[in-house]
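So the chains spell out like this:
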Amino acid sequence: MDTTDAVAPTLDIVVRPARDVDAESLGRVHAKCWHETYDHLISTAALERVSPLRLAELWTHWTKQGDEYHQYVALVDGEIVGFVGSGPARDEDAPRDRELYYLYLLAAFHGTGIGQQLFDAACADRAGYLWVADDNPRAHAFYKRNGLTRDGAQQVQPFLGEELLEVRLVR
């Protein structure tokens with residue numbers, strides 16, 4: 001009997017800037033990530049209205065926003081599995097000049113280090129802030145490891161026709 005430990009396959013990971021030609025794939029991944037992330041916070045009916053096609057249409061615009069916006073995709077074996085975006089702060093009372101708008105990674109790739117690679121690509125060592133669902137312990141743990149802490153601000157954000165309580169994290 002062979003007692004050697006099995007070696008996990010090495011993933012071929014590439015993190016690169018998002019491009020307009022990625023829009024269709026980003027729409028699909030974005031929709032799936034929303035289902036995986038918000039299924040315990042948003043009703044099934046609301047999540048069923050998520051349209052990968054509509055999200056793809058939004059991505060065609062988001063990828064053309066300008067140099068002050070940093071948007072990256074993570075690919076595994078040539079397929080997009082996650083994405084991240086940051087840019088100028090959008091809040092009037094912003095605690096920092098830069099905001100992390102989103103970071104999503106398909107659940108199958110959680111724990112692989114890809115989320116960290118995406119975060120580093122968009123945020124590097126810059127100070128910034130983000131809004132995150134209050135009831136998202138995995139995200140809170142990730143951001144805490146990256147030096148972000150609650151600053152006491154919270155908001156109720158409309159999301160897919162419902163409401164989501166978000167808290168602000170800052171570093």
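That block above? That's the structure.
Let us look at the structure shown here. (Residues numbered from 1 in each chain as written. Predicted model: local features only at pLDDT ≥ 70, side-chain atom pairs only at ≥ 80, totals over all residues. Heavy atoms only, no water.)

Contact geometry of helix H1 (residues 23-38) with helix H3 (residues 52-62) gives a least axis separation of 7 Å together with a crossing angle of 125°. The angle between the axes of H1 and H3 places the two elements in the oblique class. Crossing of H1 against H3: the hand is right-handed. Residues Ala23, Glu24, Leu26, Gly27, Arg28, His30, Ala31 and Trp34 of H1 form the contact with H3, whose participating residues are Pro52, Leu55, Ala56, Trp59, Thr60 and Trp62. The residue makeup of the contact of H1 with H3, split by class, is 9 nonpolar, 3 polar and 2 charged. (Axes fitted to C-alpha atoms, helices over the stretch in contact; angles between N-to-C directions. Helix = DSSP H or I, 4+ residues; strand = E, 2+ residues; numbered from the N terminus. Parallel < 35°, antiparallel > 145°, perpendicular 65-115°, else oblique. Left-handed = near helix turned anticlockwise from the far one by under 90°. Contact = heavy atoms within 4.5 Å. Nonpolar A, V, L, I, M, F, W, Y, C, P; charged D, E, K, R; others polar.)

Following the criterion strictly, the structure yields 7 salt bridges and no others. Between Arg28 and Glu24 there is a salt bridge whose closest N-O contact spans 3.3 Å. Linking Arg28 with Glu24, this pair stays in helix H1, spanning 4 residues, or about one helical turn. Across the salt bridge formed by Arg150 and Asp134, the nearest N and O atoms sit 2.9 Å from each other. Of this pair, Arg150 sits in strand S6 (residues 149-159) while Asp134 sits in the loop between strand S5 (129-133) and helix H5 (137-145), and the two are 16 residues apart along the sequence. For Asp134, a relative accessible area of 29% translates into the label partly exposed. Where salt bridges share partners, they join Asp93, Asp151 and Arg168 into one cluster. (Salt bridge = Lys/Arg side-chain N within 4 Å of Asp/Glu carboxyl O. Buried < 20%, exposed > 50% of the residue type's maximum accessible area, 1.4 Å probe, protein only.)

So, about the sheet that holds strand S1 (residues 13-17). Taken in spatial order, the 7 strands line up as S1-S2-S3-S4-S5-S7-S6 in an open sheet, and their pairing is mixed. At either margin of the open sheet sits one strand with a lone partner, and together these are S1 and S6. This sheet shows a mean twist of 25° between the axes of neighbouring strands, independent of strand direction. Relative to strand S7 (residues 162-170), S6 runs antiparallel, the two sharing 8 bridges. (Pairing = 2+ DSSP bridges.)

Among the 7 residues that make up strand S2 (residues 70-76), 5 are buried, leaving the element largely enclosed by the rest of the structure. Taken together, the 5 bridges between S1 and S2 define a ladder with antiparallel strand orientation. From the neighbouring strand, Ile13 faces S2, where its bridge partner is Val76. Both S2 and strand S3 (residues 79-88) contribute to a ladder of 7 bridges, which runs antiparallel. Bridge assignment links Gln71 to a residue of S3, and that residue is Gly85. Count of turn residues in the S2/S3 antiparallel hairpin: 2 residues, of which Asp77 carries a positive phi of about 50°.

What follows deals with H5. Along H5, the positions that sit buried rather than exposed are Ala139, His140, Phe142 and Tyr143. Here the buried residues of H5 occupy an arc of 165° about the axis, which is enough to place them on one side. Residues of H5 that are exposed and point over 90 degrees away from its buried face: Pro137, Lys144 and Arg145. Looking at the buried positions of H5, the neighbouring elements they touch are strand S4 (98-105), helix H4 (114-123), S5, S6 and S7. Gly147 sits one or two positions beyond H5 and adopts a positive phi of about 85°. (Arc of directions from axis to C-beta.)

Tyr38, Val81, Phe83, Ile114, Phe119 and Tyr143 are the most contacted members of the largest nonpolar core, which totals 46 residues. Sorting elements by how many residues they give to this core places H1 first, with 7 residues. (Core = buried A, V, L, I, M, F, W, Y, C linked by side-chain atoms within 4.5 Å.)

For the rest of this paragraph, the subject is the side chain of Arg98. Considering the arrangement of structural elements, one finds Arg98 in strand S4. No salt bridge is formed by the buried Arg98. Its closest oppositely charged neighbour is Glu68, at 7.4 Å. At a separation of 3.3 Å, a polar atom in the side chain of Arg98 contacts the side chain of His70. The contacts of Arg98, once residues within four sequence positions are left out, are Glu68, His70, Ser86, Gly87, Pro88, Ala89, Arg126, Ala127, Gly128 and Tyr129. (Lys, Arg positive; Asp, Glu negative; His and termini not counted. Polar contact = N/O pair within 3.5 Å; in protein donor to acceptor, adjacent residues only side chain to side chain.)

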